[in-house]
Amino acid sequence: MVIFDIDYIHGNSLVVNHQAKVNVDEITYPLSALAKQYPDAKNIAVEVFIEQAVYRFTEHDEKYVVNASNGEKISPLNKVVAISAAKHYYSGDGAVLESELITDNPPFELSRRALPAWRVNFDDFGSPSIYVSAQTGKLVSKRHEFWRIFDLMFSLHVMDYEEEDPSNKLLFWFTLFSIFAAITGGVLSYFVIFKNRAKNTLDKSMGVAR
Amino acid sequence: MLLLKKLHKWLSLLVGLQLLVWLGTGLYFNLMDHQKASGNQYKQTPVVAQVDINRLVEPQLVLSQSKQVVSLKQISLLEHPYYLLTHNKGLYSHFDNDYSLVDAYTAEPVVIDETMVRKLAQSSYNGKGVIKNAVKLSPPYEDIPREQNEVWQVNYADYIQTSVYIDAGSGRIIKHSNDDKRFVDIFFMLHFMDYGTEGSFNNVQIILFSLFTLFFSLTGFIWTIELLFNGQYKVRFGNKSRTLALFDKDLELIGEFDLATNTNLLDGLIDHDIALSSTCGGGGTCGQCKVRLDSSVKVTSAEHVLLTKEQLQQGYRLACQHDATETKRLTLIDVTKAKKYLLELTHSEFISPYIKELRFKVLGGEKLKFKAGAHLRFYIPPAKGISIPARLPDAFKYHWRDIEYFEYEHQACSRSYSLANGDGQIEAGTNELKFTVKIQNAPNKSIYPGVGSSYICNLGLGQTIEAAGPFEDFHAKPSSNKTMMLIGAGSGMAPLKSLIEEQLCFYQKERKETRGIYFFYGARTEEDLLYKDELYRLSRKYPNFFYYPVLSRPHKNWSGAKGYVQDLLTSNINKICQIDGVEFYLCGPPNMMSATINLLKTKNVDATNIAFDEFI
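Attention shifts here to the overall build of chain B. Looking only at helices and strands, one finds 15 helices and 27 strands in chain B. Rg of the C-alpha trace for chain B: 42 Å, well past the compact-globule value of 25 Å for 616 residues, more than 25% over. When contacts within chain B are restricted to residue pairs at least 6 apart in sequence, long-range pairs at least 24 apart make up 65% of them. Element-wise, carbon and sulfur atoms account for 53% of the exposed surface of chain B, whose accessible area totals about 30100 Å². Seen as two clouds, the 67 positive and the 66 negative side-chain charges of chain B have centres 6 Å apart.

Next up, the structure:
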């Protein structure tokens, strides 16, 4: 686990950190118009979604993406938009293998909070998956085989095969036994190295002992 | 396999402590209070502003007056809406980010200053402490090592020294930290071996130690498998025994014996008064307790080292490495007359400051026959010992003045001592066994004196002890007219004197042509010259026997040779005789032995003409 760079494991190299700036001239659909359409909108943001200025906001616990030029609703993302978003975020050049919309029972590598989300798999080294939120169009997760192996190893490391929680009883007892074994091993080594030496020197020069 | 075990031992030293650190810190993580460890004891979620969407300034207006942005986001700070402009966005919030803030109602630019930071911190804090100070810092930070942006640190005067970290650009509460959290951080630092400012476990030292630990585990695992295959992990219930057919070296059946299965064959045979030669006492290092078993019996790593391939194929094994469950037949190779005897001490006398002559009577009236130079193995029981012998004659007390007196306890062990019988007692068999034993003393408590020699030299008259033997590894070659040269020092006297007396007696009786017998004996002072008068008497009586005592620290009036016995030998060896046909017999301390053997090698003496009795 320690050999692999943790940033690599997190999949940071799988994605492009886009710095495309909001084009002010594109914002022809004003906030006042949005406020009429969505009077309870909260946490309003103006951002770029695949080279298009958009509004992102929450209304009644649902998240929206709206085109800032004409007020068209982009969310929830359809398959075509989701795939183009995933390609936009993905840094590699592998082809899209498959995509699916996950609304329930997320795989172990995706948090429940990120649902609903599109999973887009790429045909590339390490079988990367890019997860795009179906509501916000944002990148919510990126995973490859190395993360999956690392995750498996972590569950072995903490001996919890369900929740990866280091505070489990199994780990407690095994750690306790290991500490006991390590200490007794240390004591044994001490006796082998130091006490034996003392005994040996004497036996070697002892009387007519052989 | 040997290399693997060595590797395992050295790795255990290297890895051992770190392994304990890992386990100890790991146990701490397993048991710790996660609420405390999070540092969020006094953390609360700040109250969010009630935003009137109609009062919000048009984003377009804000953007047209500002630097270009990746994102404009309405956020809430101190229950008031602001626009957070992100000019440069890091992949994560702790990566390098470039922000600015604007009031979302008035479009006024806002700079986060100390006053605002103190209020922001307070909005996230529900403890009773007051703010001590607020300081703006640059990375790296001890409490939040991965953070790359400028932050404000607001310190509270509470009992756990809470610090609130606020992003200087966005006003976001990054983290709360306190003494509990810092304590946990020390454990993480130890667990990750993260002694720099990395904030992760991707450092050189942990990679190295992990690799070492991996090798340590692997070598240990392989070793365990090997032990398992050799049957050393068997669980046994009770003292069961098993019947074995025993054969002598001519493959004649001696009989059937019940051997205990909970002990190895070497110890099991002793119960039947069959004592195999062994100087290591069953440790698998001397290779002397050879027997033949069924050739299917597994070969241990000790046997791979000590026995040849041909021997292993023929079924030769070491008795100490196997037990009665593994074989049906056992063939003894060196059938010795060795048996176990109970001996009673009849005489115990200091003949030099450190050497005692001991005589034992064999209980049961049996007489032992053996060749001169033979030894007995004594079974020393667990007992208390003393560093200075009791009943020390006044004349020798001076020599023990530097020895610290202390008592100690020792465990059972076995020690071998050479028989010093001679003078015609041997051929007919004897009921009285004679030994000269040097008490190996220890200067202070850090090291035990020789437990075997101390024990038997402190035995009282009439006390008994068990011993097995005789073992005849060291003895005179078949009689011839070759010159014998005996070289010894200290208590190496015993087997050599026995040999000399055996030879002199034999030639007197047979009245054959006499052979030359030369005895070089080294000691420190005149007091250490054992049996001096007797040896001088013998050299006068027998014209073919020559006695050369040599002292390393003689008194002033000593007229004999000075120095070490090997030095005397070096200067005189060529004067005495033709070296070709000479038989050499050596017994003494290791330095004397190795120096003498090297000398003889340089003189091209054939190794078959050198016999030596080692002090091991």
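Quick look at the sheet that holds strand S23 (residues 517-523) of chain B now. Note on sheets: strands pair through backbone hydrogen bonds, and any given pair is parallel or antiparallel. Residue and element names in this part refer to chain B. Reading across from one edge, S25-S24-S23-S22-S26-S27 is the order of the six strands in this open sheet, with parallel pairing throughout. Both edges of this open sheet fall to strand S25 (561-562) and strand S27 (610-613), since each of them pairs with a single strand only. Where strand S22 (residues 484-489) lies against strand S26 (residues 583-587), five bridges are found, and the strand directions are parallel. In the strand pairing of S26, Met485 is matched with Phe584. Strands S23 and strand S24 (545-551) of the sheet are contacted by helix H13 (residues 532-541), whose axis makes an angle of about 145° with S24. In this fold helix H15 (residues 590-602) packs onto S22, S26 and S27, with an angle of close to 160° to the strand it touches most, S26.

Attention now moves to the side chain of B:Ser163. Residue and element names in this part refer to chain B. With respect to the helices and strands, the residue Ser163 is situated in strand S7 (residues 163-167). Assessed through its relative accessible area of 3%, Ser163 is described here as buried. Within polar-contact distance, the side chain of Ser163 engages the side chain of Arg182 at 2.9 Å. Discounting chain neighbours no more than four positions away, the residues touching Ser163 are Asp143, Gln153, Val154, Asn155, Lys175, His176, Ser177 and Arg182.

Moving on, we come to the nonpolar core. Side chains of a nonpolar character, in soluble globular proteins, are inclined to be buried together. Among the nonpolar cores identified, the biggest contains 35 residues, and B:Leu343, B:Phe378 and B:Ile456 are the most heavily contacted of them. Elements with a minimum of two residues in this core: strand S14 (339-350), strand S15 (355-362), strand S16 (375-380), strand S19 (413-418), strand S20 (432-438), helix H11 (451-457) and strand S21 (464-471) of chain B. Residues within four places of B:Leu343 in sequence aside, it is in contact with B:Phe360, B:Lys361, B:Val362, B:Leu376, B:Phe378, B:Leu433, B:Gln463, B:Thr464, B:Ile465 and B:Ala467. The next biggest cluster of nonpolar side chains, apart from the first, holds 30 residues, and it includes A:Leu34, A:Ala35, A:Phe57 and B:Val57.

Further remarks concern the interface of chain A and chain B. How large an interface is tends to be reported as the accessible area lost when its parts come together. Across the boundary between the two partners, chain A contributes 60 residues, which contact 68 residues of chain B. On the surface where chain A and chain B come into contact, there are one salt bridge. Ionic pairing is found between B:Arg146 and A:Asp7, a salt bridge with its closest N-O pair at 3.3 Å. Sorting the residues of the side of chain A that touches chain B by element identifies helix H1 (6-9), helix H2 (31-37), strand S1 (42-49), helix H4 (145-157) and helix H5 (169-204) of chain A as the ones contributing at least two each. With 15 residues, the single largest contributor to the side of chain A that touches chain B is H5(A). The residue makeup of the side of chain A that touches chain B, split by class, is 35 nonpolar, 16 polar and nine charged.

Before going further, it helps to examine the packing of helix H14 (residues 565-576) of chain B against H15(B). Residues and elements named next belong to chain B. At a minimum axis distance of 9 Å, the contact between H14 and H15 shows a crossing angle of 15°. When the interaxial angle is binned, H14 and H15 end up roughly parallel. Remark: the crossing between H14 and H15 carries right-handed chirality. Every residue of H15 that contacts H14 at Val565, Gln566, Leu569, Thr570 and Ile573 is listed here: Asn591, Met592, Ala595, Thr596, Leu599 and Leu600.

Residue and element names in this part refer to chain A. On the surface, Ile149, Leu152, Met153, Leu156, Tyr161, Leu170 and Phe174 cluster together into a nonpolar patch covering about 670 Å² of accessible area. Per-element tally for the nonpolar patch: the top contributor is H4, with four residues. Inspection of the secondary structure assignment puts Leu152 in helix H4.

Glancing now at the sheet that holds S7(B). Residues and elements named next belong to chain B. An order of S5-S6-S7-S8 is seen for the four strands of this open sheet, with the pairing classed as antiparallel. Because the sheet does not close on itself, it has two edges, and the strands there are strand S5 (131-137) and strand S8 (173-177). Strand after strand, the sheet turns through a mean of 15° between neighbouring axes, direction not considered. Contacts between helix H4 (residues 114-123) and the sheet are confined to S5, strand S6 (151-156), S7 and S8, with S5 contributing the most and set at about 120° to the helix.

So, on to the pattern of salt bridges. Taken as a whole and judged by the stated rule, the model has 17 salt bridges over all chains. A salt bridge links B:Arg118 to B:Glu114, with the nearest nitrogen and oxygen atoms 3.1 Å apart. A residue pair is termed a helical-turn pair when its members lie 3 or 4 positions apart in one helix, as B:Arg118 and B:Glu114 do in helix H4 at four residues. The partly exposed category is assigned to B:Glu114, whose relative accessible area is 33%. Close ionic contact of B:Arg359 with B:Glu357 constitutes a salt bridge, the shortest N to O distance being 2.8 Å. By relative accessible area, which is 24% here, B:Arg359 ends up partly exposed. The buried category is assigned to B:Glu357, whose relative accessible area is 4%. Each of the salt bridges in this network shares a partner with another, and the network as a whole consists of A:Glu47, A:Arg56 and A:Lys138.

Okay, the domain arrangement of chain B next. Examined at the domain level, chain B breaks down into domain 1 (2-36 + 200-229), domain 2 (53-177), domain 3 (241-332), domain 4 (339-471) and domain 5 (484-613). Between the C-alpha centres of domain 2 of chain B and domain 5 of chain B there is a distance of 96 Å.

Let us now look at the pairing of S19(B). All names here are of chain B. Most of S19 sits out of view: five of its six residues are buried. Here six bridges tie S16 to S19, and the two strands are oriented antiparallel to one another. Residue His375 lies in a different strand from S19, and its bridge partner there is Ser418.

Before going further, it helps to spend a moment on the packing of aromatic side chains. Summed over all chains, the structure comprises 35 aromatic pairs over all chains. Between the aromatic rings of A:Tyr38 and A:Phe57, the centroid separation amounts to 4.8 Å while the plane-to-plane angle is 55°, which identifies the pairing as tilted. Of this pair, A:Tyr38 sits in the loop between H2 and S1 while A:Phe57 sits in strand S2 (residues 52-59), placing them 19 residues apart in sequence. In this structure A:Phe57 comes out as buried when scored by relative accessible area, which is 2%. Centre to centre, the rings of A:Phe150 and B:Phe201 are 6.3 Å apart; their planes meet at 15°, and the pair counts as stacked. Taken together, the residues A:Phe150 in helix H4 and B:Phe201 in the loop between helix H5 (179-192) and helix H6 (204-229) connect one chain to another. B:Phe201 matches A:Phe150 in its accessibility class, with the two residues each being buried. Pairwise contacts between aromatic rings join A:Phe150, B:Tyr28, B:Phe29, B:Phe183, B:Phe187, B:Phe188, B:Phe192 and B:Phe201 into one cluster.

Reading the values: the criteria
Residues numbered from 1 in each chain as written. Chains lettered and ligands numbered in written order. Predicted model: local features only at pLDDT ≥ 70, side-chain atom pairs only at ≥ 80, totals over all residues. Heavy atoms only, no water. Helix = DSSP H or I, 4+ residues; strand = E, 2+ residues; numbered from the N terminus. Rg over C-alpha atoms; globule rule 2.2 N^0.38 Å. Contact = heavy atoms within 4.5 Å. Areas by Shrake-Rupley, 256 points an atom, 1.4 Å probe, with all protein chains shown as cover. Lys, Arg positive; Asp, Glu negative; His and termini not counted. Charge placed at Lys NZ, Arg CZ, Asp CG, Glu CD. Pairing = 2+ DSSP bridges. Axes fitted to C-alpha atoms, helices over the stretch in contact; angles between N-to-C directions. Buried < 20%, exposed > 50% of the residue type's maximum accessible area, 1.4 Å probe, protein only. Polar contact = N/O pair within 3.5 Å; in protein donor to acceptor, adjacent residues only side chain to side chain. Core = buried A, V, L, I, M, F, W, Y, C linked by side-chain atoms within 4.5 Å. Salt bridge = Lys/Arg side-chain N within 4 Å of Asp/Glu carboxyl O. Nonpolar A, V, L, I, M, F, W, Y, C, P; charged D, E, K, R; others polar. Parallel < 35°, antiparallel > 145°, perpendicular 65-115°, else oblique. Left-handed = near helix turned anticlockwise from the far one by under 90°. Patch = residues over 30% accessible without salt bridge, like charges linked within 9 Å, V, L, I, M, F, W, Y side chains within 5 Å. Domains from an automatic or database assignment. Phe/Tyr/Trp six-rings, centres within 6.5 Å; stacked < 30°, edge-to-face > 60°.

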